[in-house]
Number of protein chains: 2
Amino acid sequence: MTQATTIAERLGVLIKETQALLHQRMDERLRPLGLSVPQYACLTALHDTPGITGSELARRTFVSRQSTNVLLQGLEKRGLIERSPDSGPRRERATELTPEARSLLARARTQVAGVADAMTESLPAAELRQLEALLARCRDGLR
Amino acid sequence: MTQATTIAERLGVLIKETQALLHQRMDERLRPLGLSVPQYACLTALHDTPGITGSELARRTFVSRQSTNVLLQGLEKRGLIERSPDSGPRRERATELTPEARSLLARARTQVAGVADAMTESLPAAELRQLEALLARCRDGLR
DNA sequence: CGTGGTGTGTCAAACTATTGACATGACGCA
DNA sequence: TGCGTCATGTCAATAGTTTGACACACCACG
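An unreviewed UniProt entry lists chain A under the name MarR family transcriptional regulator, with Homoserinibacter gongjuensis given as the organism.

### Quick look at the relation of the copies chain B and chain A
Rotating chain B by 180° and translating it 0.0 Å along the rotation axis places it on chain A, where the RMSD comes to 0.0 Å. On this basis, the relationship between the two copies can be described by a two-fold rotation axis. Residue Leu 131 of chain B of chain B places its C-alpha closer to the rotation axis than any other residue of that unit, at 3.1 Å. Both copies present the same face, since 100% of the interface residues in chain B are matched by interface residues at the equivalent positions in chain A.

### As for the interface of chain B and chain A
Across the boundary between the two partners, chain B contributes 50 residues, which contact 50 residues of chain A. Carbon and sulfur atoms make up 69% of the surface buried where chain B meets chain A, a total of about 5,300 Å² over both sides. If you sort the residues of chain B by the area they bury against chain A, Phe 62, Met 119 and Leu 142 of chain B come out on top, with a joint share of 14%. Where chain B meets chain A, there are 8 salt bridges. Salt-bridge contacts for Glu 132 of chain A lead to Arg 10 of chain B; the nearest nitrogen and oxygen are separated by 2.9 Å. Inspection of the region where chain B meets chain A yields 13 residue pairs in polar contact (both at pLDDT 80 or more). If you list the elements that add at least two residues to the side of chain B that touches chain A, you get α1 (7-30), α2 (37-48), α5 (99-120) and α6 (125-141) of chain B. Here the side of chain B that touches chain A takes 16 residues from α1 of chain B, the largest share from any one element. The residue makeup of the side of chain B that touches chain A, split by class, is 25 nonpolar, 11 polar and 14 charged.

### Thoughts on a negative patch on the surface
Residue and element names in this part refer to chain A. On the surface, Glu 76, Glu 82, Glu 96 and Glu 100 cluster together into a patch of negative charge. Mapped onto the fold, Glu 100 is located in helix α5 (residues 99-120). Owing to a relative accessible area of 47%, Glu 100 belongs among the partly exposed residues under this scheme.

### Remarks on helix α3 (residues 54-61) of chain B
Residue and element names in this part refer to chain B. Within α3, the full set of buried residues consists of Leu 57, Ala 58 and Thr 61. Buried residues in α3, looked at end-on, bunch into an arc of 100°, giving them a common side. Tucked inside the fold, the buried residues of α3 contact α2 and α4 (65-77). Two residues or fewer past α3, Phe 62 is found with a positive phi of approximately 65°.

### Considering the environment of Ala 108 of chain B
Residues and elements named next belong to chain B. In this structure, Ala 108 sits in helix α5. Look at Ala 108 and you get buried, because its relative accessible area is 0%. Separated by 41 residues in the primary sequence, Ala 108 and Ser 67 have C-alpha atoms spaced 21 Å apart. If near-sequence neighbours (up to four positions away) are discounted, Ala 108 is found in contact with Leu 30, Leu 33, Leu 35 and Tyr 40.

### Considering unusual backbone geometry
Among all residues except glycine, the phi angle is most often negative; among peptide bonds, the trans geometry is most common. Here Phe 62 of chain A, not a glycine, exhibits a phi torsion of approximately 65°, which is positive. Among the secondary structure elements, Phe 62 of chain A is positioned in the loop between α3 (54-61) and α4 (65-77).

### So, the environment of Thr 120 of chain B
With respect to the helices, strands and loops of the structure, Thr 120 of chain B is situated in helix α5. Among the polar contacts listed, one links the side chain of Thr 120 of chain B to the backbone oxygen of Ala 116 of chain B, at a separation of 3.0 Å.

### Let's talk about the pattern of salt bridges
Here the structure, examined in full by the defined rule, presents 20 salt bridges over all chains. Measuring nitrogen to oxygen at the nearest pair gives 2.9 Å for the salt bridge that ties Arg 31 of chain B to Asp 27 of chain B. Salt bridges sharing common partners tie together Glu 17 of chain A together with Arg 139, Asp 140 and Arg 143 of chain B.

### Considerations on the side chain of Thr 61 of chain A
Residues and elements named next belong to chain A. Mapped onto the elements of the fold, Thr 61 is located in helix α3. Note on Thr 61: relative accessible area 13%, which makes it buried. Within polar-contact distance, the side chain of Thr 61 engages the backbone oxygen of Leu 57 at 2.9 Å. Once you skip the residues sitting within four places of it in the chain, Thr 61 turns out to touch Ala 41, Cys 42 and Thr 68.

### Some details on the side chain of Thr 120 of chain B
Classification of Thr 120 of chain B by relative accessible area gives buried; the value is 8%. If we ignore the near neighbours within four places in the chain, the residues touching Thr 120 of chain B are Ala 8, Leu 11 and Cys 138 of chain A together with Leu 128 of chain B.

The rules behind these values
- Residues numbered from 1 in each chain as written.
- Chains lettered and ligands numbered in written order.
- Predicted model: local features only at pLDDT ≥ 70, side-chain atom pairs only at ≥ 80, totals over all residues.
- Heavy atoms only, no water.
- Least-squares fit on C-alpha atoms with pLDDT ≥ 70 in both.
- Contact = heavy atoms within 4.5 Å.
- Buried area = accessible area lost by both parts, 1.4 Å probe.
- Salt bridge = Lys/Arg side-chain N within 4 Å of Asp/Glu carboxyl O.
- Polar contact = N/O pair within 3.5 Å; in protein donor to acceptor, adjacent residues only side chain to side chain.
- Helix = DSSP H or I, 4+ residues; strand = E, 2+ residues; numbered from the N terminus.
- Nonpolar A, V, L, I, M, F, W, Y, C, P; charged D, E, K, R; others polar.
- Patch = residues over 30% accessible without salt bridge, like charges linked within 9 Å, V, L, I, M, F, W, Y side chains within 5 Å.
- Areas by Shrake-Rupley, 256 points an atom, 1.4 Å probe, with all protein chains shown as cover.
- Lys, Arg positive; Asp, Glu negative; His and termini not counted.
- Charge placed at Lys NZ, Arg CZ, Asp CG, Glu CD.
- Buried < 20%, exposed > 50% of the residue type's maximum accessible area, 1.4 Å probe, protein only.
- Arc of directions from axis to C-beta.

Written out as structure tokens, the structure reads:
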């Protein structure tokens, strides 16, 4: 059996497990709104940083810029975003949320906030901040 | 701009980011061995729990049992696993690692251990245990 | 006895994402 | 002024995954 799993390896599995559950819960709440988790992530980033470029969007949502491109095409067809046809400095197209997207995103945000609250409901604020700090150091160790 | 992102939501993004980086680093180290991350996860679970069923394997690796099935077919073709042709109590087929798989997995484990160490190198043992405990409570809050 | 419910394995189709490739435009630097 | 490098957007092909469906086999219960 020789498991010999270190605490570091167990932590890796735990990160994956928590992320998988989080994704699942978010998906359950976003699907009634007609949104997938990557779509929600895109709209959120677009909301927080208006006019952001597609490649930067891809980096923030942790997928390839090709995937982001087809995802944006879908959002555009649904009238949730508008992309300026004229290109900017580096051939980039400015992308903006439409009013419909803003109201949809507002509803989505309350759903996601509910999931996030469920995740952290058993943790006092102090421990929550500590968890964030510790996990950030793990992330930094990986890049 | 109205971000209003709570610490709980930031933590969700941080979990996703850390998991994405971890997956990327593991992939970089496993690919030279001819293994993908899901394949590594399968072999590890099979090693830790010999004779495990395919469905249980799917649950532990956080994917559908259909994906696990095609993954296992690939591993079988490569001679890394053997599946008993006769079915057990619930039509399940016992799956075992071959000797080649064991030696391959041993090398893969050292690679993954290196990644896990890099992730946690800046954390003392006490804080590492604390991180594990806190994250486990987040996971429990999600299910 | 049966009979509905549950768990398993597997196939096919649809979807999502990645990899590879190319054209375009900006920038630094000789 | 050229020229190599880099970043972006996009297309095509590929790989990986999920969804939906079906056939078995057990098991608890009437």
